Amino acid sequence: MSPAAQARVLLVDDEPEICWILSRVLGEAGYDVTTADTVKGGVDAFETNHPDVVLLDLRLPDGDGFEVLRRIRELDETAAVIMMTGHGTVKSAVRAMKLGASDYLIKPVQLEEVRLVVDKTLEARRLAAEVQILRAAVRERAGHGTLVGRSGAMEQLRRLIDQVAPYDVNVLVRGESGTGKELEANAVHLQSGRRGGPFIPLDCAALPETLVESELFGHERGAFTGATQRRVGRFELAHGGTLFLDEIGNLPLTTQMKLLRMLEERAIRRLGGRGQIVIDVRIVAATHLSFEDAIREGRFREDLYHRLNEFTIHIPPLRERGEDIPELVHHFLGRVSQELGKPVPRIAPEALRALKSYAWPGNVRELRNALKRAAVLAGDTITVGGLPSELRGRSAPPPTLEGGGTLKDVIRHLVEGAERDLIVRTLERTQWNRAQTARLLGINYKTLQSKLKEYRLSRADASGP
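Owing to the predicted nature of the structure, the values given are computational and were not obtained by experimental measurement.

**Student:** Describe the nonpolar core, with residues and values.
**Tutor:** Counting 28 residues, the largest nonpolar core has Leu 216, Phe 235, Leu 245, Ile 248, Leu 259, Ile 283 and Leu 308 as its most contacted members. Only strand S9 (199–203), helix H8 (209–217), strand S10 (242–246), helix H10 (253–265), strand S13 (282–287), helix H11 (291–296) and helix H12 (302–308) provide two or more residues apiece to this core. The biggest single contributor to this core is H10, with four residues. Residues in contact with Leu 216, not counting those within four places in the same chain, are Leu 202, Gly 233, Arg 234, Phe 235, Leu 245, Leu 251 and Thr 255. Counting residues in hydrophobic clusters, the runner-up holds 25 residues, among them Val 148, Leu 352, Tyr 358 and Ala 378.

**Student:** Before we move on, could you go through helix H6 (residues 152–164) and cite the residues and values that matter?
**Tutor:** Taking 1.5 Å per residue, 13 residues should reach 18 Å; H6 reaches 19 Å between its end C-alpha atoms and fits that length. Those residues of H6 that fall on the buried side of the exposure criterion are Met 154, Leu 157, Arg 158, Leu 160, Ile 161 and Val 164. Within H6, the buried residues cover an arc of 160° as seen down the axis, which keeps them to one side.

**Student:** Explain the sheet that holds strand S6 (residues 80–85) to me, using residue names and the numbers behind them.
**Tutor:** Read across the sheet, five strands follow the order S2-S1-S3-S6-S7 without closing on themselves; strand pairing throughout is parallel. The sheet is open, and its two borders are formed by strand S2 (32–36) and strand S7 (103–106), each paired with just one other strand. This sheet shows a mean twist of 20° between the axes of neighbouring strands, independent of strand direction. Where strand S1 (residues 8–12) lies against strand S3 (residues 53–57), four bridges are found, and the strand directions are parallel.

**Student:** Run through the sheet that holds S13, naming residues and quoting values.
**Tutor:** In spatial order, the strands read S9-S10-S13-S8-S14; together these five strands make up an open sheet with parallel pairing. Because the sheet does not close on itself, it has two edges, and the strands there are S9 and strand S14 (312–314). Put simply, the sheet's adjacent strands are angled 20° from each other on average, direction ignored. Strands strand S8 (171–174), S13 and S14 of the sheet are contacted by H6, whose axis makes an angle of about 165° with S14.

**Student:** Report on the environment of Leu 75, specifying residues and quantitative values.
**Tutor:** Along the chain, Leu 75 turns up in helix H3 (residues 65–75). Given the relative accessible area of 13%, Leu 75 is considered buried. In the structure, Leu 75 is positioned 28 residues away from Glu 47 in sequence and 7.8 Å away in space, judged by C-alpha atoms. Apart from residues lying up to four places away in sequence, Leu 75 is in contact with Val 43, Phe 46, Glu 47, Pro 349 and Arg 353.

**Student:** Account for the packing of H8 against H10, naming residues and giving values.
**Tutor:** Axis separation between H8 and H10 bottoms out at 10 Å; the angle between their running directions is 15°. Viewed along their axes, H8 and H10 adopt a mutual orientation that is roughly parallel. Considering the relative orientation of H8 and H10, their crossing is right-handed. In contact with Val 212, Glu 213, Leu 216 and Phe 217 of H8, H10 contributes Thr 254, Thr 255, Lys 258 and Leu 259. Of the residues in the contact of H8 with H10, the class split is four nonpolar, two polar and two charged.

**Student:** How would you explain the side chain of Thr 179 if you had to name every residue and give the values?
**Tutor:** Relative to the helices and strands, Thr 179 is located in the loop between S8 and helix H7 (181–190). There is a polar contact of 2.7 Å between the side chain of Thr 179 and the backbone oxygen of Glu 176. Here Thr 179 is in contact with Glu 184, Ile 315, Pro 316, Pro 317, Asn 363 and Val 364, once residues within four sequence places are set aside.

**Student:** I'd like a description of the pattern of salt bridges, backed by residues and values.
**Tutor:** A full pass over the atoms with the stated rule returns 27 salt bridges. Between Glu 47 and Arg 353 there is a salt bridge, with its nearest N and O atoms 3.9 Å apart. Separated by 306 residues along the polypeptide, Glu 47 in helix H2 (residues 39–49) and Arg 353 in helix H14 (residues 349–357) bring together distant segments of the chain. Of the residues examined, Glu 47 reaches a relative accessible area of 23% and is grouped as partly exposed. The class of Arg 353 is partly exposed, set by a relative accessible area of 44%. Residue Lys 258 pairs with Glu 213 through a salt bridge whose shortest N-O separation is 2.6 Å.

**Student:** Give me the lowdown on a negative patch on the surface, citing residues and values where you can.
**Tutor:** A contiguous patch of negative charge on the surface is contributed by Asp 14, Asp 37, Asp 62 and Glu 67. By the element assignment, Asp 14 lies in the loop between S1 and helix H1 (16–28). Overall, the relative accessible area of 33% leaves Asp 14 in the partly exposed class.

**Student:** Give me the lowdown on the packing of aromatic side chains, citing residues and values where you can.
**Tutor:** Enumeration over the complete set of coordinates arrives at five aromatic pairs. Arranged with centres 6.2 Å apart and planes meeting at 15°, the rings of Phe 199 and Phe 244 form a pair that is stacked. Highlighted residues: Phe 199 in strand S9 and Phe 244 in strand S10, separated in sequence by 45 residues. A residue is classified by how much of its surface remains accessible, and Phe 199, at 19% relative accessible area, is buried. For Phe 244, a relative accessible area of 1% gives the class buried. Where Phe 291 meets Tyr 305, the ring centres are 5.2 Å apart and the plane angle is 45°; that geometry is what we call tilted. Of this pair, Phe 291 sits in helix H11 while Tyr 305 sits in helix H12, placing them 14 residues apart in sequence. The two residues Phe 291 and Tyr 305 agree in class, both being buried.

Calculation notes
Residues numbered from 1 in each chain as written. Predicted model: local features only at pLDDT ≥ 70, side-chain atom pairs only at ≥ 80, totals over all residues. Heavy atoms only, no water. Core = buried A, V, L, I, M, F, W, Y, C linked by side-chain atoms within 4.5 Å. Buried < 20%, exposed > 50% of the residue type's maximum accessible area, 1.4 Å probe, protein only. Helix = DSSP H or I, 4+ residues; strand = E, 2+ residues; numbered from the N terminus. Contact = heavy atoms within 4.5 Å. Expected span 1.5 Å × (residues − 1). Arc of directions from axis to C-beta. Pairing = 2+ DSSP bridges. Axes fitted to C-alpha atoms, helices over the stretch in contact; angles between N-to-C directions. Parallel < 35°, antiparallel > 145°, perpendicular 65-115°, else oblique. Left-handed = near helix turned anticlockwise from the far one by under 90°. Nonpolar A, V, L, I, M, F, W, Y, C, P; charged D, E, K, R; others polar. Polar contact = N/O pair within 3.5 Å; in protein donor to acceptor, adjacent residues only side chain to side chain. Salt bridge = Lys/Arg side-chain N within 4 Å of Asp/Glu carboxyl O. Patch = residues over 30% accessible without salt bridge, like charges linked within 9 Å, V, L, I, M, F, W, Y side chains within 5 Å. Areas by Shrake-Rupley, 256 points an atom, 1.4 Å probe, with all protein chains shown as cover. Lys, Arg positive; Asp, Glu negative; His and termini not counted. Charge placed at Lys NZ, Arg CZ, Asp CG, Glu CD. Phe/Tyr/Trp six-rings, centres within 6.5 Å; stacked < 30°, edge-to-face > 60°.

Note that every value here comes from positions in space, so none of it alone points to a role or purpose.
Shown next as structure tokens:
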């Protein structure tokens, strides 16, 4: 595919003749060209059109090109900018490159050279994006690649995983729903001496009480009605590796007792079986619930908690590490583009600002799903209009009395926002069990259904990563 295919060029130069001839040459090569002739016009055009490459003159009527370059780099760190100057000193070129320019041209420019430099710049960007995706895939298979972000909280999380992974102790991962607890568990496994063995996950909240023991310990043929053949449980499947028990706080008390016995004896017995099976497995368990509350209310065994809690890892919610959002956005867009089989879309600066300002009650899972929906709808750029409605609302300020809103308007806006957040958090807590959510909120099921429709909430907002 030609680099010019569907690519946009912004040309910022105050000489009409230069703009006319370069627009014609690049247009004939297949580029979509927009022009501007001032610092302000160049910055505004960049924000409006999201060009793939910028041709920027050094001298402008209301300032210099370096000012435009600085503003562009603030809006988009990956933007490709080619400086043009009739004052071709080494000093100007070096300064431009230090400020983030991709290349530079000396006036009077050669038309064929301009087209070749633009082609080369776009091809380099395409290759860099592909390399970034490939590197992310390699890092992901290696373990820490799944842990995206460079915030202090994420660096501390990596250090903890590095410290605990080599030692064969059970690990308890705690954090809100959607924070990526399975990814952290897998990172522990891949950094450990068990990395050559299996990593077997089990969502304890997704199984009915009648099936959870069979899923964990396995069963023999005829152990219960419907057991027509022997079944190997997750403990046996994880032998020599790691068993990840997600939402372990949902295990029935009878199963908790059997799990405690397994931890003490390092052996299991299949349902309906007679002999014991020795098991060599490391357990990483996770929950978003409060163990302290569950123990106090008699829903979780304190002795089992202490056996599982040989080492604890706390995962911070996304709202406490907002500086990781840009990196997460690029990471997820790369993965989504592979899943959808379409080029990686750009993210408009105002859309990124909306993503950074949102509280993300569903955490990283909600961010990934929002980006996937936006990528499906977008062409080559994700704008604010393509984001879910709850994020689009962030770009419009709430009504105020000073702005002409009535006191009733302000109160209604605040109440609706608080109500929506409470419903989302309760749904996350109950794993989107609507009947249980309605009971916890003290409303009937029909009212909850009406609220879900009003706030456009669906299970898709909480599907796993």
